[in-house]
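# Results of the structural survey
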Amino acid sequence: MPKKVVLLGDFGVGKTSIGMRLAEDRFEETTIATLGVAHFTCKVAGLTPFSAATKLEVWDTAGQERYRSLDSLRLYLRRALGAIVVVDVTSAGSLEAAKRVVSQLRLDEDCAAREDLAIAVAYNKCDFEARAFDPAAVAWTGVCAAVETSCKTGAGVQQLARALVDALPADDAAAATSNVGLTQPGASLTSGSDCC
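Basis of the calculations
- Residue numbers restart at each chain and count upward from 1, following the sequence in its written direction.
- Given that this is a predicted model, residues contribute local features only at a pLDDT of at least 70 and side-chain atom pairs are listed and counted only at 80 or more, while totals for whole chains, interfaces and linings are drawn from all residues.
- Side-chain numbers come from the whole structure's heavy atoms, not from hydrogens or water.
- Definition of nonpolar core: a set of buried residues of the types Ala, Val, Leu, Ile, Met, Phe, Trp, Tyr and Cys, connected through side-chain atoms within 4.5 Å.
- Each residue is assigned to one of three classes by its accessible area relative to the maximum for its type, calculated with a 1.4 Å probe on protein chains only: buried under 20%, partly exposed between the two thresholds, exposed over 50%.
- Each helix is a run of DSSP H or I of at least 4 residues and each strand a run of E of at least 2, with the numbering of both proceeding from the N terminus.
- In what follows, residue pairs with any heavy atoms lying within 4.5 Å of each other are defined as contacts.
- Two strands pair if DSSP finds at least two bridges between them.
- Just to be clear on terms, a salt bridge is a Lys or Arg side-chain nitrogen sitting within 4 Å of an Asp or Glu carboxyl oxygen.

### Here we look at the nonpolar core
Grouped together as the largest cluster of nonpolar side chains are 29 residues, with contacts concentrated most on Leu 56 and Ile 84. Going through the elements one at a time, strand E1 (3-8), helix H1 (15-24), strand E2 (37-45), strand E3 (53-61), strand E4 (82-88), strand E5 (118-124), strand E6 (145-148) and helix H4 (157-167) are the ones with two or more residues in this core. Ranked by residue count, the leading element in this core is H4, at 7 residues. Those residues within four positions of Ile 84 in sequence are excluded, and the remaining contacts are Val 5, Val 6, Leu 7, Leu 8, Leu 22, Ala 120, Ala 122, Leu 160 and Leu 164.

Encoded structure:
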C-alpha cells in the first residue's frame, strides 16, 4: 500500500515539478497551475544500503491563497505520513511562507498533522544563480531533511525523497493509525554540494 506524502508551499515554487521529477524523472519548462490537488505515484529507496523501495502516493497541492486555509490543509493531510515543504531559493517570501506552514503543521493542535509527521524541506530552483537567501543559514526545527533541489537538473530530488522515506514509519506503525502517525523525524540533513 502506498504511503501518502503531500507537497506544500507557495504558488510557483515547483511543487508540481518535484512530483513529476519523482514520478517520471522528467521536467517541463512550463506547467499548468494545480487547482485543488493532483496525484503522482513513485517508488523511492531509503538512504541506507539495501533498503527496500517504498511506494509513495504524492499529493501535489495548489499554492494559491484560496487553497491555503487550515480546512484545506487538514483535508490534504488526512492519512498523510509525510510532507515536502517546497521553497523557491529566489524568493524570500516563499521561505517565510514555508516557515509558517511548518509551524502550522507542528503547533496547531487541530491540524490533522501531528508532531510526528515526517517533514522535509526542498530548497528548489538551486540551478538559479540569483538567490534571495542562503539555505545553509536557515535553521529548521522538526524537519527530517532540508535539501537544495533542482527539478530542472534533478539535483537533490532523490536525496530529499530518500531522507523522507527513511523518516516514515514502518508498515506496522502506519497501519496502526487512522489519521497521521510517524516515528519522530531524525536530525536535519542539509546538502548543497551536489547542486549547482
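Following the structure, the description resumes.
### Considering H4
Counting buried positions along H4 gives 8 out of 11 residues, so the element sits mostly inside the fold. Where H4 is concerned, the buried positions are Val 157, Gln 159, Leu 160, Ala 161, Ala 163, Leu 164, Val 165 and Ala 167.

### Structural notes on the pairing of E6
Both faces of E6 are covered, namely the face carrying Ala 145 and Val 147 and the face carrying Ala 146 and Glu 148. Of the strand pairs in this sheet, E5 and E6 are connected by 4 bridges, and their pairing is parallel. In the sheet register, Tyr 123 faces E6, and the bridge partner there is Glu 148.

### What about the pattern of salt bridges?
Here the structure, examined in full by the defined rule, presents 5 salt bridges. Among the salt bridges present, the one from Arg 26 reaches Glu 24, with a minimum N-O distance of 2.2 Å. Relative accessible area serves as the criterion here: at 43%, Glu 24 is assigned to the partly exposed category. Between Lys 99 and Glu 96 there is a salt bridge, and its shortest N-O distance comes to 4.0 Å.

### Quick word on the environment of Ser 51
Counting through the fold element by element, Ser 51 comes out in the loop between E2 and E3. You can call Ser 51 partly exposed: its relative accessible area is 24%. For the pair Ser 51 and Asp 166, spaced 115 residues apart in the sequence, the C-alpha separation amounts to 9.0 Å. Apart from residues no more than four positions distant in its own chain, Ser 51 is found in contact with Ala 45 and Gly 46.

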